[in-house]
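Below are the chains, spelled out letter by letter.
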Amino acid sequence: MMLIRQAICVCLLATFLHPITSSGLFRVGLKKRRLELDDIRTGRVIRKLKHSQGGLACYPTLGGDSSQENQVILKNYLDAQYYGVIGIGTPSQEFEVIFDTGSSNLWVPSIHCKFLDLACWVHHKYKSSKSKTYTKNGKPCTITYGSGSISGFFSQDNVEVGGLVVKDQEFIEATHEGSLSFLLAKFDGLFGLGFQEISEGNAVPVWDNMVGQELVKEKVFSFWLNRDADAETGGEIVFGGVDPAHFKGNHTYVPVTRKGYWQFNMGDIFVGDNSTGFCEQGCDAIMDSGTSLLAGPTTVITQINHGIGATGVVSAECKIVVSQYGEMIWDLLVSKVLPSLVCKEIGLCVFGKQTGVKSVVEQEGSSVLCKVCEMAVVWVETRLKQKETKEKVFEDLNKLCESFPSPAGESIIDCNNIQNMPNVTFTIGGNPFSLTPQQYILKTGVGYAETCISGFSAYDLPPPTGPLWILGDVFMGAYHTVFDSGNLQIGIAKNA
């Protein structure tokens, strides 16, 4: 009788510890934390590239054309909202990680942290000596993010995710986390769900090993994010398929256009019923669960924030460009000069090698003038197609300057005006996917301290990789997202 009781207890305990998998679906519950204004400011997608300088090539590359090697999207995870629990080793050591479709490696802090590395010591640490399934690797590696870098070495061990055990998974033991962001972060590490093409050290991602070890029936995982700030459940990742309770209607599927990030082609963007004119011929975009906001080129993000009534810091540089170069921009576009060449023709965007040495201030100033010029070109070109008068175009362009993103990136919204704001619609797979003001506005603070922030963030990635749109949690919180690695496609449907 005692043995029977113990067996029943073990079965009940297993039920509580592991998700029900009779349907072939394996689930990881997500926790959600509230974003604050400082998180948003610090966590903006970093607007620059990092190039590796030889040695061990541990920075992600996009593959294919050698000219595009070492161009990476740098992100800051301080504003990450959603994270879940995994286990590493035997017996399992638990870690809270960000599940990130915009990267491909698994890393957690190591017990071998450097002595004065506070960021490492305040989080859970992996102890290889405590695991019976640990295999030594030792290959060194460094990963650079917008917020700093982590360095360490590769190891192998079993990884438990949603009740599945992936054997001999290669991961990084981080021994140095060189940033205040990692010290303040609520998570321990990162769980990459991108393709192996951007994996540091060419390590096989956990998802690929799940498939290769035949742990899932379908080569599909899906995200459901709960945007209800008061809900206990932050969301759920389902490995091996989709849960019909997570979405409404049918999914729209679009092909992955480039393996590495989950990249696809996106069509035009509308503010209310008005086209921004930026993506009429298509834009490259990625679906990225590791980015909280929705990021895109400054030129069109400024239009969107203007259209929804957001205000940044009034940019003197913006109004200078309009007053001094507006007529020239108009005339060049009327003369059928390619829009991509207009700002170069008037000398505000200079490409290629420069002579002499510029100060940081001069470089930043030139960059601002170039971005303002590009924004003005897109605006004027769109209005020319709509046959608006020159006076009306420049009157509105001056108003647009007031929505140019502030240096910290944030754009403020009047919280009392949310009900009157327009939807913002993205065209994907020929279908419209709209975000309501309630979905794209982030509220921080309470009472008199309540602040409303636009969820649209400026991010400029230069060619050949850019320009690139990053559809983060602002978008994924409204739409259930399916990542189908078997058929190389992404599915989108309304969240339930």
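Labelled according to an unreviewed UniProt entry, the chain appears under the name Peptidase A1 domain-containing protein, originating from Brassica campestris. If you open the UniProt record of the chain and go to Sequence similarities (unreviewed entry), you find "Belongs to the peptidase A1 family."

(A) Summary view of the sheet that holds strand S19 (residues 441-444). Spatial ordering of the open sheet is given by S16-S20-S19, a layout of three strands whose pairing is antiparallel. This sheet does not close on itself; its edge strands, each paired only once, are strand S16 (412-413) and S19. In this structure, S16 lies alongside strand S20 (residues 451-454), joined through two bridges in antiparallel fashion. The residue bridging isoleucine 413 from the neighbouring strand is cysteine 452, located in S20.

(B) Representation of the nonpolar core in the model. Phe99, Phe239 and Trp469 are the most contacted members of the largest nonpolar core, which has 71 residues in total. Of the domains in this structure, domain 1 (26-49 + 77-225) and domain 2 (244-300 + 407-495) are the two that each give at least three residues to this core. Dropping the residues within four chain positions of it, phenylalanine 99 is found in contact with Val28, Leu30, Gly84, Ile86, Val161, Phe191, Leu193, Phe223, Ile237, Ser289 and Gly290.

(C) Quick look at helix H10 (residues 390-400). Of the positions making up H10, those classed as buried are Val393, Phe394, Asp396, Leu397 and Leu400. Each buried residue of H10 lies within a common arc of 165 degrees when the element is viewed along its axis, so the set occupies one face.

(D) Region of interest: the packing of aromatic side chains. Counting across every chain of the model gives 20 aromatic pairs. Measuring from centroid to centroid gives 6.4 Å for phenylalanine 426 and phenylalanine 456, while their planes differ by 35 degrees, and the two rings are tilted. Of the two residues, phenylalanine 426 sits in strand S17 (residues 424-428) while phenylalanine 456 sits in strand S21 (residues 456-458), which places them 30 residues apart along the sequence. Here phenylalanine 426 and phenylalanine 456 have matching classes, each one buried. Three or more aromatic residues joined by ring pairs make a cluster, and in this case those are Phe195, Trp207, Phe221, Phe223, Phe239, Trp262 and Phe483. The ring of phenylalanine 154 carries the charged tip of lysine 139 above its face, separated from the ring centre by 4.8 Å. Note that arginine 383 overlies the ring of tryptophan 379, its terminal NZ or CZ placed 3.8 Å from the centroid.

(E) Structural detail: the pattern of salt bridges. All told, the structure shown has eight salt bridges when counted by the stated rule. Salt-bridge contacts for glutamate 96 lead to lysine 31; the nearest nitrogen and oxygen are separated by 2.7 Å. Of this pair, glutamate 96 sits in strand S3 (residues 93-100) while lysine 31 sits in strand S1 (residues 26-32), placing them 65 residues apart in sequence. Overall, the relative accessible area of 37% leaves lysine 31 in the partly exposed class. Here lysine 385 makes a salt bridge to glutamate 280, at a shortest N to O gap of 3.1 Å. In this pair, lysine 385 is assigned in helix H9 (residues 360-385) and glutamate 280 in the loop between strand S13 (274-275) and strand S14 (283-287), connecting sequence segments 105 residues apart. By relative accessible area, which is 42% here, glutamate 280 ends up partly exposed. One salt-bridge network, in which partners are shared between bridges, spans Arg27, Glu236 and Asp243.

(F) Local environment of the pairing of strand S9 (residues 220-225). In terms of burial, S9 is largely enclosed, as six of its six residues are buried. Neither face of S9 is left uncovered, since the one carrying Val220, Ser222 and Trp224 and the one carrying Phe221, Phe223 and Leu225 both have all their residues buried. Note: S9 against strand S23 (residues 479-484), four bridges, orientation antiparallel. For phenylalanine 223, the partnering residue across the bridge sits in S23 and is threonine 481. Note: S9 against strand S10 (residues 235-239), five bridges, orientation antiparallel. Pairing of leucine 225 across the sheet is with glycine 235, part of S10.

Quick notes on the rules
Residues numbered from 1 in each chain as written. Predicted model: local features only at pLDDT ≥ 70, side-chain atom pairs only at ≥ 80, totals over all residues. Heavy atoms only, no water. UniProt positions renumbered as here; feature names shortened; annotations may be inferred. Pairing = 2+ DSSP bridges. Helix = DSSP H or I, 4+ residues; strand = E, 2+ residues; numbered from the N terminus. Core = buried A, V, L, I, M, F, W, Y, C linked by side-chain atoms within 4.5 Å. Buried < 20%, exposed > 50% of the residue type's maximum accessible area, 1.4 Å probe, protein only. Domains from an automatic or database assignment. Contact = heavy atoms within 4.5 Å. Arc of directions from axis to C-beta. Phe/Tyr/Trp six-rings, centres within 6.5 Å; stacked < 30°, edge-to-face > 60°. Lys NZ or Arg CZ within 6 Å of the ring centre and 35° of its normal. Salt bridge = Lys/Arg side-chain N within 4 Å of Asp/Glu carboxyl O.

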